[in-house]
Amino acid sequence: MKRLLLLFCCLPLLTSCSFVTMERQIYPICMSIDRMDDGAYLIGVQAPRATQGQGASYELIAAQGRSLEETLRTLSASTPYPLNFSQIRLCAIGYPLAASTELRPLLRTLLELPTMRPNAYVSIAMGKALTVLEKQQPDFGTRLSTHLSLLLTRAQREHLLPDSTLASCVRELSDGRSDPLIGVCAVNARLLPEEKEGQRQPSTGGQQESSPAFALGEPWSDAPLPSDVLAGMIPHESQNPVEYQGAAAVSDGRVSGVLTADQTQLVLRLLSEADLRTAREGEQLQLQILLNQKSPLLQEADDIRDVMAHLQALDCDPLLFGCRCSMGFSTRQAWDAYRFDRRYPQAEVHIGVR
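Residues numbered from 1 in each chain as written. Predicted model: local features only at pLDDT ≥ 70, side-chain atom pairs only at ≥ 80, totals over all residues. Heavy atoms only, no water.

1. Describing the sheet that holds strand β9 (residues 275–281)
In spatial order, the strands read β9-β10-β11; together these three strands make up an open sheet with mixed pairing. Edge strands, defined here as strands with exactly one partner in the open sheet, are β9 and β11 (348–353). Neighbour to neighbour, the strand axes of the sheet diverge by 25° on average, direction disregarded. Examined bridge by bridge, β9 and strand β10 (residues 284–291) share seven bridges and lie antiparallel to one another. (Pairing = 2+ DSSP bridges. Helix = DSSP H or I, 4+ residues; strand = E, 2+ residues; numbered from the N terminus. Axes fitted to C-alpha atoms, helices over the stretch in contact; angles between N-to-C directions.)

Printed below as a string of structure tokens:
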């Protein structure tokens, strides 16, 4: 009996090792995926560095491999502690990779990692995704995780970025009846320290006027954005050169082009405010955008036609016309035979009042 009692007293001590192991893990905040010129994958992760002071600093770790799985194994083997992806806020994918590779198998591999955060935000990086991780930094003294959560939440609320989480992208890419929009990020080259140094003018002895900052926020959050604004090209001043604006259009499972911030905002507003339908008559297909009689979007009919022409040219259907059209077919065979994907680019667009 005494031996049994002694065994029960020792049980809490036997479990202490597992708690130490759990604490000694690397929790990346961001992940980048690129493809090198020789075809190899390049994966990077950005994780907090253990510091004694108040300010947070971040470590960048990267690895290369012939496949995504091999690169992930190499990345894991290059760190002293296990990687835990439960705190990932951002998965940045380089544009060249996203335009040449089917996104769903790639994103599904990430989603099925045992510790992966399913609502991590997926963003297409204009250029090299690893550069985004190298250059980004939190604003106003916040932690990087807090900075990204606040930034992405605000941008989605104001329709500046689509809701492209890891789980939603994998789900929407599996359907085949519509195309998701994926957020865009980029490094603004003119905000890099070396670029600023080259642009600095010699002092004239007097106080030099600075150009006003270009702000996209209150009290203008409900107003249409200026045209042609895209991540990496926003005319503003900031210590953080990484920008998140606009969206990447997906066609046939790959990125086929980009939408500027104002185009993205208009498409997302149509998704939330318009009644979107399709009409078929013989071989003719009509895409119908029906608005409330008091909707401000009625004043933007020309812009709507322009953005629809752009989406049709990219063969991207983010307004879910394919989903609505498929409801008129009784079988999957009939829907496949209709070949909506071939009819969509040439379909007539009708804007009216519901």
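There is more to say, and it comes next.
2. So, the layout of surface pockets
Space inside the second largest pocket adds up to approximately 510 Å³. Looking at the second largest pocket, it is lined by 24 residues, and the ones nearest its centre are Gly176, Arg177, Asp179, Asp252 and Asp341. Elements that contribute at least two residues to the lining of the second largest pocket include exactly α5 (103–111), α8 (166–175), β7 (242–251), α13 (332–338) and α14 (340–343). Partitioning the lining of the second largest pocket into residue classes produces seven nonpolar, five polar and twelve charged. (1 Å grid on protein atoms, 1.4 Å probe; cavity = no way out; pocket = protein on both sides within 12 Å on 5 of 7 lines; lining within 4 Å. Points joined across faces, edges and corners; volume = space filled by probe spheres on them. Nonpolar A, V, L, I, M, F, W, Y, C, P; charged D, E, K, R; others polar.)

3. So, unusual backbone geometry
Despite not being glycine, His159 has its phi angle at roughly 65°, a positive value. Positionally, His159 belongs in the loop between α7 (144–157) and α8. For His159, a relative accessible area of 22% corresponds to the partly exposed category. The phi dihedral of Leu320 is positive, around 65°, even though this residue is not glycine. Checked against the element boundaries, Leu320 lands in the loop between α11 (301–313) and α12 (321–326). (Buried < 20%, exposed > 50% of the residue type's maximum accessible area, 1.4 Å probe, protein only.)

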